[in-house]
2 protein chains.
Amino acid sequence: MTATPKILELNAFDMDDTAGLDPAVAELVARRKRTFGPTSMLFYERPLNLVRGEGVWLIDADGSRYLDAYNNVPSVGHCNARVVEAVSRQMATLNTHSRYLYDIVYTYSEKLLATYPKELSNIVYVCTGSEGIDLAMRIARTVTGGTGFIATDNAYHGNTSAVTEISPSSASTDAPNPNVFFVPAPDTYRLGAEAAAAKFNADVRAAIATMHERGIKLAAFIADSIFSSDGVFSVVPGFLKETLAAVHGAGGLYIADEVQPGFGRTGEAMWGFMRHGIVPDMAVMGKPMGNGFPIGGVVVKPDILQLFGSQNGYFNTFGGNPVAAAAGLAVLEAIEADGLQENARATGAYLAERLSYLSQRHDAVGDVRGVGLYVGVEIVTDQQSRTPDKAATTAAVNGMRERNVLVGTAGKHGNVIKIRPPLCFNRENADALVTALSDSLAAYADRKRR
Amino acid sequence: MTATPKILELNAFDMDDTAGLDPAVAELVARRKRTFGPTSMLFYERPLNLVRGEGVWLIDADGSRYLDAYNNVPSVGHCNARVVEAVSRQMATLNTHSRYLYDIVYTYSEKLLATYPKELSNIVYVCTGSEGIDLAMRIARTVTGGTGFIATDNAYHGNTSAVTEISPSSASTDAPNPNVFFVPAPDTYRLGAEAAAAKFNADVRAAIATMHERGIKLAAFIADSIFSSDGVFSVVPGFLKETLAAVHGAGGLYIADEVQPGFGRTGEAMWGFMRHGIVPDMAVMGKPMGNGFPIGGVVVKPDILQLFGSQNGYFNTFGGNPVAAAAGLAVLEAIEADGLQENARATGAYLAERLSYLSQRHDAVGDVRGVGLYVGVEIVTDQQSRTPDKAATTAAVNGMRERNVLVGTAGKHGNVIKIRPPLCFNRENADALVTALSDSLAAYADRKRR
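Residues numbered from 1 in each chain as written. Chains lettered and ligands numbered in written order. Predicted model: local features only at pLDDT ≥ 70, side-chain atom pairs only at ≥ 80, totals over all residues.

Quick word on the overall build of chain A
Okay, step 1: Check the secondary structure of chain A and you find 14 helices and 15 strands.
Okay, step 2: Relative to the globule expectation of 22 Å for 450 residues, the C-alpha radius of gyration of chain A, 22 Å, shows essentially globular dimensions.
Okay, step 3: For the C-alpha atoms alone, the extent of chain A along its principal axes is close to 65 × 55 × 50 Å.
Okay, step 4: Taken over 450 residues, chain A has a buried fraction of 62%.
Okay, step 5: Considering only intrachain contacts with a sequence separation of at least 6, the fraction spanning at least 24 residues in chain A is 75%. (Helix = DSSP H or I, 4+ residues; strand = E, 2+ residues; numbered from the N terminus. Rg over C-alpha atoms; globule rule 2.2 N^0.38 Å. Buried ≥ 20, exposed ≤ 12 C-beta atoms within 10 Å, placed from the backbone. Contact = placed C-beta atoms within 7 Å.)

Considering the nonpolar core
When a protein is soluble and globular, its nonpolar side chains tend to lie buried together.
Okay, step 1: Counting 304 residues, the largest nonpolar core has Ile255 and Ala327 of chain A together with Ala327 of chain B as its most contacted members.
Okay, step 2: Leave out the neighbours within four places in its chain, and isoleucine 255 of chain A touches Ala136, Ala140, Ala220, Phe221, Ile222, Pro280, Asp281, Met282 and Val284 of chain A. (Core = buried A, V, L, I, M, F, W, Y, C linked by C-beta atoms within 7 Å.)

Points about helix α3 (residues 103-113) of chain A
Okay, step 1: Every buried residue of α3 of chain A is accounted for by Ile104, Val105, Tyr106, Tyr108, Ser109 and Leu112 of chain A.
Okay, step 2: Turning to α3 of chain A, the residues buried within the fold contact β4 (122-126) and α11 (322-337) of chain A together with α1 (23-36) of chain B.

Section: the interface of chain B and chain A
Okay, step 1: Every contact between the two is made by 82 residues of chain B and, on the other side, 82 residues of chain A.
Okay, step 2: By residue class, the composition of the side of chain B that touches chain A is 40 nonpolar, 31 polar and 11 charged. (Nonpolar A, V, L, I, M, F, W, Y, C, P; charged D, E, K, R; others polar.)

With respect to the domain arrangement of chain A
Residues and elements named next belong to chain A.
Okay, step 1: What the domain assignment lists for chain A is domain 1 (50-76 + 363-449) and domain 2 (81-337).
Okay, step 2: Here the C-alpha centroids of domain 1 and domain 2 sit 26 Å apart.
Okay, step 3: Per-element accounting of the side of domain 1 that touches domain 2 gives the leading share, five residues, to strand β11 (residues 365-371).
Okay, step 4: Of the residues contributing to the side of domain 1 that touches domain 2, the split by class is 10 nonpolar, seven polar and six charged. (Domains from an automatic or database assignment.)

Side note on the relation of the copies chain B and chain A
Okay, step 1: Rotating chain B by 180° and moving it 0.0 Å along the rotation axis overlays it on chain A with an RMSD of 0.0 Å. These values place the two chain copies in the arrangement generated by a two-fold rotation axis. Every residue of chain B has its C-alpha some distance from the rotation axis, and the shortest such distance is that of serine 88 of chain B, at 2.6 Å.
Okay, step 2: In this assembly the copies share their binding face: 100% of the residues contributing to the interface of chain B also contribute to that of chain A. (Least-squares fit on C-alpha atoms with pLDDT ≥ 70 in both.)

Examining the packing of helix α3 (residues 103-113) of chain B against helix α11 (residues 322-337) of chain B
Residues and elements named next belong to chain B.
Okay, step 1: One can describe the packing of α3 onto α11 by two numbers: an axis separation of 9 Å at closest approach and a directional angle of 35°. As α3 packs across α11, the resulting crossing turns out to be left-handed. Counted together, Ile104, Val105, Thr107, Tyr108, Lys111 and Leu112 of α3 and Pro322, Ala325, Ala326, Gly328, Leu329 and Leu332 of α11 form the full contact between these two elements. (Axes fitted to C-alpha atoms, helices over the stretch in contact; angles between N-to-C directions. Left-handed = near helix turned anticlockwise from the far one by under 90°.)

A closer look at the pairing of strand β2 (residues 57-60) of chain A
All names here are of chain A.
Okay, step 1: Examined bridge by bridge, strand β1 (residues 50-54) and β2 share four bridges and lie antiparallel to one another. Residue pairing across strands places leucine 50 opposite aspartate 60, the latter belonging to β2.
Okay, step 2: Pairing analysis gives three bridges linking β2 to strand β3 (residues 65-68), with the strands arranged antiparallel. Bridge pairing links isoleucine 59 to arginine 65 in β3.
Okay, step 3: The antiparallel hairpin formed by β2 and β3 contains four residues in its connecting segment, where glycine 63 sits at a positive phi of about 90°. (Pairing = 2+ DSSP bridges.)

Details of the pairing of strand β12 (residues 374-379) of chain A
Residues and elements named next belong to chain A.
Okay, step 1: In terms of burial, β12 is a largely internal element, six of the six residues being buried.
Okay, step 2: Side chains of β12 alternate between two faces, with Tyr374, Gly376 and Glu378 and Val375, Val377 and Ile379 buried alike.
Okay, step 3: Taken together, the six bridges between β11 and β12 define a ladder with antiparallel strand orientation. Bridging across to β12, aspartate 367 finds its partner in glutamate 378.
Okay, step 4: Linking β11 to β12, which pair antiparallel, is a turn of two residues; within it glycine 372 sits at a positive phi near 60°.

Topic: the sheet that holds strand β4 (residues 122-126) of chain B
All names here are of chain B.
Okay, step 1: Pairing is mixed in the open sheet, where seven strands are placed in the order β4-β10-β9-β8-β7-β5-β6. The strands lining the two open edges of the sheet, one partner per strand, are β4 and β6 (180-183). The average undirected angle you get between the axes of adjacent strands in this sheet is 20°.
Okay, step 2: Sheet topology note: the β4/strand β10 (residues 296-300) ladder contains five bridges and is antiparallel. Among the inter-strand pairings, isoleucine 123 is bridged to a residue of β10, identified as valine 299.

Re the environment of valine 299 of chain B
Residues and elements named next belong to chain B.
Okay, step 1: Structurally, the position occupied by valine 299 is in strand β10.
Okay, step 2: Classification of valine 299 as buried rests on a count of 29 C-beta atoms within 10 Å.
Okay, step 3: As for valine 299 and proline 280, which are separated by 19 residues in sequence, their C-alpha atoms are 9.7 Å apart.
Okay, step 4: Once residues within four sequence positions are removed from consideration, valine 299 is found in contact with Leu113, Tyr116, Leu120, Ile123, Met282 and Ala283.

Okay, structure coming up:
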């Protein structure tokens, strides 16, 4: 028996460390290891055996309820009745690919495109954010004739061969693609918002210059506007205008990855790029689009799509089928009917404010930042040195799990607590989260003192 | 208004040719063109406005019923009650990603893996066949250290950046990747089965030799074993043994694309590669896996997955979630309970026999071939010259659509009628299909004579 290989993963369960687990959980871990292999990652030091979901709650086999402050896929709530009903009904009625006509698909497309600036008036459906980003890259290469991409240096945009090359946080040991250039995300904590934004744009211009020196033509710049995997940097709205100008000046396209900030999560706008007053050339949607039904999409300017489509026969078997449209339509209706964008704004602001008080009580809380219901808490050894503390972050995340609150980690040093709940998260939920974090930080500090 | 760009597509509706369409259909076409752009393809000269599906039937807005002999996604029947019920129940219970434990996911995995040879004992879930093939390519590159791929010269394996490079039938005008080599599919019609198989293996060996001359190391050979897009060549079982030996001899991996032949469609076996008595290194599943719920998977030898996983942090947000597992499990149960593999064998044999009689009545029917419920009818100008006749094929496919039977086309000359119905297709359905094809061929021959 060889030892399980380990790769750098944030917040991972050690598959070999099953001692002390509940026997039922240990048995599931063993079955997982046999079928998925030992390198497939589970969250938390003590993995969760889940059996039910409901709004912001996940429930395990023992009936324990966990406050979900991590999952952005069930954006309108776990097992949202509207979505379940729409998908169930459409699945029982008709489900086939997009080479035939279906009213519901165009009804959904029209409603979805109406939330975008009018320049972005075409859509291509796919099944996942990864497929969407991959397609956007194909479109950018075809339309610009370029091969160069610029992304941030701890970005995650997806899992295909091409998208992995622009996703440094995916822990691949493949040789880097020399056509891909990385810039650091704007570190507002260490530089201040204005300086971080200015440095970011200077870095993008420098990357373009280096690309040109090496004879590489820019195909596209890609970012998610809240720099989620980089550690959640929402920065000053508007600074991406300068980025867009630099990218267009070099003949490249601007791809807005809306998989994380999209569908109202930022509270301030339906789409992350809107906070910056820009119109990208493409926007890619994924995760929350169908509240768990696999659907993604690329929204694109029509002249760009037409140029691509005249040279490529793109087809996606499941993409844009009537069940996907039913799921997507129900999500848009739920966001509207339940006022989820406004809730993301108001509850997100409340949560961030409550979290920021923690810095008075805990020297480990270096920075609290974010927008709407996407919040990052940067954990450091102390507020003076601002040194990233991955061990404390891991302890806090696992401590919160033991207190029945689920969060994750982000950032290139693995020291940012990623808070990204379903959008129906309320103030009471926010209070519970803050208490769990505070208690976990205190317990870890206690353990360290002893 | 610029003219709609046209690219080579089989059996495509001309988006500009809406004269003569039912006004309701024309309106849907206009809405589709506004949202999807003019390059998004619809099937048939008169597109279908579908509203309902049921077993082997698709029903349009006017209540007309179409016999579906084309769609392999709803493999256990359109709107199969078992699948609808399983998905609806699980969606209402729990739907989240695979970083937590779920009993149903491992139950499904165990049942699915039990249908494979014991060497293929690990699975990675994805959402589509394209994602699966893309991941298999990543795995092959990592594990072999090679970059070379061999595929057939009119193959279709999917739509990502990487997979498009091994899919010549996807009509991309991108520059070819010099690491990808193509061999012609075994043309049993013109060479005879034995000679076609021998030539195929000689071509694979020659491709490997050329690769080595150019300093390219083989990563993988990939084929779907019935060469669907190439024109449906099921050939003599067993000849892929020699292919596998050549590929392994060169240090490459063998990827079995089971998106088309898998899940019992060939009747003779659950998986296409099994007809050949080989054990590939990976098998990729897609389309019928969830009967329309987006799910795919890569089944892989454990040592290969472990090597890949120790160097890459692959994660797929929707892949292998409990709803996907519920869909997949219901599909396996339906195949078993309804005897669909045996039905594919028996009805497929009956259909092929009935179709082969058509060659006596129609000089255009050059060849009937296939296995189980995957049948190709090659249409030629005449049986003497065997010259591919794309115009007659297009006319036959559209003639069948006018007679309420849905089929498609395949082959690099666009002259093979692709017959690939849901697996619950019965003898009465087969008779109706044969009659519709015969009448369509006769009507086209009449029109040409006049």
